[in-house]
Protein chains: 2
Amino acid sequence: MKIGLCGYGVIGSKVKELTCIKNDFEVVKVFDKPIKKEELKDLYVSDYKDITNDPTIDIVVEAMGGDELPYIIIKDALQNKKSVVTSNKEVVSLHLNEFNELAKNNNVYFMFEASVGGGIPIINTLIQNQLVNNINHIYGIINGTTNYILTKMEEGKSFDEALINAQKNGFAESDPTSDLEGLDMVRKISILSDIAYHTFINVSKVNHKGITKITKEVIDSFNKDGYIIKYICESINKNNNVLLNVEPICIKKDNLLSNIHNEYNCIVLNGDNTGLLSFIGKGAGDFPTSSAIISDMYYILNNNGYKYLNLNNQVNYIDNMNDNEYLVYIEEDKKIIKVNNIEKYNNYFSARIFRG
Amino acid sequence: MKIGLCGYGVIGSKVKELTCIKNDFEVVKVFDKPIKKEELKDLYVSDYKDITNDPTIDIVVEAMGGDELPYIIIKDALQNKKSVVTSNKEVVSLHLNEFNELAKNNNVYFMFEASVGGGIPIINTLIQNQLVNNINHIYGIINGTTNYILTKMEEGKSFDEALINAQKNGFAESDPTSDLEGLDMVRKISILSDIAYHTFINVSKVNHKGITKITKEVIDSFNKDGYIIKYICESINKNNNVLLNVEPICIKKDNLLSNIHNEYNCIVLNGDNTGLLSFIGKGAGDFPTSSAIISDMYYILNNNGYKYLNLNNQVNYIDNMNDNEYLVYIEEDKKIIKVNNIEKYNNYFSARIFRG
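Because the structure is a prediction, the values reported are computed rather than measured.

(A) Up close: the overall build of chain A. For chain A, the helix and strand inventory stands at 13 helices and 14 strands. When burial is assessed residue by residue, chain A has 60% of its 356 residues classed as buried. Considering only intrachain contacts with a sequence separation of at least 6, the fraction spanning at least 24 residues in chain A is 72%. Total accessible area on chain A is roughly 13700 Å²; 45% of this is exposed by carbon and sulfur atoms.

This is the structure:
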């Protein structure tokens, strides 16, 4: 199949490199800023329409990031009856309902595995799982940058040192605001909730608190009490009353989530038939994310991708649930955490502590 | 779609119950021993051919267990151009290559998600993942019965008490030999290796040691040193030299596998692009396993199941690898385990200890 690639950054260039060693796909055009022209030679196009209007191109891969231009390109590609694969959580979280309808009406695929969890195959797994299960609870660590930073702080580095370290290792962008303030996880937990609850979450309704106020001293203090600070997202659906939350939380050391280190992510789904399902893998990095994009390309090649989502369910957004229901329960009852001295830390940062 | 169900035990009856609340499927005939006739009334058939020859039936679900009759039924169903869904690891591990060819030649589906890992969607995930990744290492805990027993022994019960406890809770069969001696995990790790290495593993080539010699005293002794005994399967492929192993192993307490309790399973895949991917969920029980069967039925209904496997690769079976390569490496380098006092325990049972 012939691929038109939009965006030739860390992810886009790795997609091109990995497809080169597969006979099934060929990247025939690449759209990016003029600065990439020299490197890309004949493949370079300066106008995205050279890709979306090209009748020989089967799949448009969007790996640009951001919202405005990607939105226009994806829409144009779908309207021109091209399947689209994207790794862009921002544009997916804002427009999944529209892309889903466009793909349906034009009889093509819209695939977005790489938008959540890097190399973890959570999107297509969740789409299949919700056919058989009612899923009313999703939670986990789904931002590699901040988990990397918190891991390094746990190991003794200051916040600033940990951030620079993350940037050096390619796990944090030069402007890491959307990671540090939680917007990245807001987008990802919204996408997962869209699929699980058959709705389209308004991302502005998701509560989120950042991690920039967490100091090494706070981490050490919790550590002595047997807790680790992790940056968690959580989504609960109770009879279409939906609560979504992104915040730093204290977790007991023997909890599964406490043992997710560095750029690894962990996503937990609670289905009524399967029970808790946890997925752990690298949530960031060029190889895992590109691998997810190429996996979607194979779904399209083999004509066995998912067949459109129902996102028409209406939900109410709430800020609180009954305390007994508003908790993250991990694996077994005995692992639910109850802490009595939360007041001690309330002055330092806004972390909630898991309650039983 | 119309379903013909073969086997009306714990799993089969739950499949019928769960499909009743879905409008997409209808169980129209059930084959089992005459003792089930009264309960099943008009649905009951005493001859499986009433199902495999019925032109109105779309999918044959086999949930009988065992090898001989299931083999005949699955073969007959596929030859009669019916898709087949099975939870039977024994028959899949022995005949996957033949079923795969029959499904291909008759243009129907052969699906077996429920045969490994209960509610964990490992089979279809692995089939998709190997399109993009070279997977050369698979390991984990994929027998719910023995993990439940070892968990209860860790909590203070004797082996016999733990086994009775498992049987009472429906996690162990009345004859638990295949679980306790490792045959169940041999079958499952063979199936996963078939898919990952594009071959057909001869199950008789898989090394396996049982857990019946493990006593509470041995567990306590390891525990004091910071180790937990887990029953692990492992499969390594190095340039088509393949080593498969099922045995009890000592694992450090902060390791991911040490924190898999009761009937939970954990399967880890190591792909060259995605890195380590771990999947955790309930590996036994009627709801999770039936859910996996119905998920496969949806793949068939939506016509988006996988399109046949390449199992033609030839491999060599070896019993040992270079010590430095023959190890289970978990998540991060720092978690590889080195133990110097293994001799202390060699007299008790045959457990290998993870080496770095």
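(B) View of the environment of isoleucine 141 of chain A. All names here are of chain A. Summarising the element assignment, isoleucine 141 is placed in strand β7 (residues 135-141). A relative accessible area of 1% means that isoleucine 141 is categorised as buried. On a C-alpha basis, the gap between isoleucine 141 and leucine 257 in space is 7.4 Å, while along the polypeptide they are 116 residues apart. In this view, isoleucine 141 contacts Asn147, Lys230, Tyr231, Ile232, Leu257, Ile260, Tyr264, Asn265 and Cys266; residues no more than four positions away in its chain are not counted.

(C) Quick look at the sheet that holds strand β3 (residues 44-45) of chain B. Residue and element names in this part refer to chain B. With respect to topology, six strands assemble into an open sheet ordered β3-β2-β1-β4-β5-β6, the strand pairing being parallel. Unpaired on one side and paired on the other, β3 and β6 (110-111) mark the two borders of the sheet. Where strand β2 (residues 26-31) and β3 come together, two bridges link them in parallel fashion. When the sheet's bridge partners are listed, valine 30 is paired in β3 with tyrosine 44.

(D) Spatial organisation of the pattern of salt bridges. Enumeration according to the criterion identifies 24 salt bridges over all chains in this entry. Across the pair lysine 89 of chain A and aspartate 184 of chain A runs a salt bridge, and its minimum N-O distance is 3.6 Å. Residue lysine 89 of chain A is located in helix α5 (residues 89-106), and its partner aspartate 184 of chain A is located in helix α10 (residues 183-197); the two are separated by 95 residues in the primary sequence. Taking relative accessible area as the criterion, lysine 89 of chain A reaches 24% and is therefore assigned partly exposed. The class of aspartate 184 of chain A is buried, set by a relative accessible area of 3%. A salt bridge links glutamate 247 of chain B to lysine 209 of chain B, with the nearest nitrogen and oxygen atoms 3.4 Å apart. Residue glutamate 247 of chain B is found in strand β10 (residues 241-252), and its partner lysine 209 of chain B is found in the loop between β8 (207-208) and α11 (216-224); the two are separated by 38 residues along the sequence. The class for glutamate 247 of chain B is buried, based on a relative accessible area of 3%. Linked through salt bridges whose partners overlap, the residues forming this network are Lys14, Glu17 and Asp286 of chain A.

(E) Just the packing of helix α6 (residues 122-129) of chain B against helix α10 (residues 183-197) of chain B, in detail. Residues and elements named next belong to chain B. The interhelical angle for the contact between α6 and α10, taken along N-to-C directions, is 20°, at an axis separation of 9 Å. Taken as axis vectors, α6 and α10 run roughly parallel relative to one another. Here the hand of the crossing between α6 and α10 comes out right-handed. Residues Ile122, Ile123, Leu126 and Ile127 of α6 lie in contact with α10, whose contacting residues are Ile191, Leu192, Ile195 and Ala196. Across the contact of α6 with α10, the residue classes break down as eight nonpolar, no polar and no charged.

(F) Broad picture of the side chain of serine 83 of chain B. All names here are of chain B. Mapped onto the secondary structure, serine 83 falls in strand β5 (residues 83-86). Looking at serine 83, its side chain comes within polar contact range of the main-chain nitrogen of tyrosine 109, at 3.0 Å. In this structure, serine 83 is in contact with Asp58, Ile59, Val60, Val108, Tyr109 and Ile300, ignoring residues within four places of it in sequence.

(G) Summary view of the interface of chain B and chain A. Counting from both sides, the interface comprises 42 residues of chain B and, opposite them, 42 residues of chain A. Carbon and sulfur atoms supply 53% of the area buried between chain B and chain A, which totals about 3700 Å² over both sides. Between the two partners, chain B and chain A, sit zero salt bridges. Remark: the boundary between chain B and chain A carries ten residue pairs in polar contact (both at pLDDT 80 or more). Where the side of chain B that touches chain A is concerned, the elements lending two or more residues are α6, β12 (275-282) and α12 (286-301) of chain B. Taken together, the residues of the side of chain B that touches chain A sort by class into 17 nonpolar, 17 polar and eight charged. Bridge analysis of strand β12 (residues 275-282) of chain A against β12 of chain B gives three bridges, and the strand direction is antiparallel. Counted as the bridge partner of serine 278 of chain A is isoleucine 280 of chain B from β12 of chain B.

(H) Looking closely at the domain arrangement of chain A. Residue and element names in this part refer to chain A. Splitting chain A by domain gives domain 1 (2-111) and domain 2 (122-284 + 310-353). Between domain 1 and domain 2, the residue contacts involve ten residues of the former and ten residues of the latter. Across the domain 1/domain 2 interface, buried area totals approximately 920 Å², and carbon plus sulfur atoms make up 70% of it. Here domain 1 and domain 2 share two salt bridges between them. Scanning the region where domain 1 abuts domain 2 turns up zero residue pairs in polar contact (both at pLDDT 80 or more). Class assignment for the residues of the side of domain 1 that touches domain 2 results in four nonpolar, four polar and two charged.

Rules of the game
- Residues numbered from 1 in each chain as written.
- Chains lettered and ligands numbered in written order.
- Predicted model: local features only at pLDDT ≥ 70, side-chain atom pairs only at ≥ 80, totals over all residues.
- Heavy atoms only, no water.
- Helix = DSSP H or I, 4+ residues; strand = E, 2+ residues; numbered from the N terminus.
- Buried < 20%, exposed > 50% of the residue type's maximum accessible area, 1.4 Å probe, protein only.
- Contact = heavy atoms within 4.5 Å.
- Areas by Shrake-Rupley, 256 points an atom, 1.4 Å probe, with all protein chains shown as cover.
- Pairing = 2+ DSSP bridges.
- Salt bridge = Lys/Arg side-chain N within 4 Å of Asp/Glu carboxyl O.
- Axes fitted to C-alpha atoms, helices over the stretch in contact; angles between N-to-C directions.
- Parallel < 35°, antiparallel > 145°, perpendicular 65-115°, else oblique.
- Left-handed = near helix turned anticlockwise from the far one by under 90°.
- Nonpolar A, V, L, I, M, F, W, Y, C, P; charged D, E, K, R; others polar.
- Polar contact = N/O pair within 3.5 Å; in protein donor to acceptor, adjacent residues only side chain to side chain.
- Buried area = accessible area lost by both parts, 1.4 Å probe.
- Domains from an automatic or database assignment.

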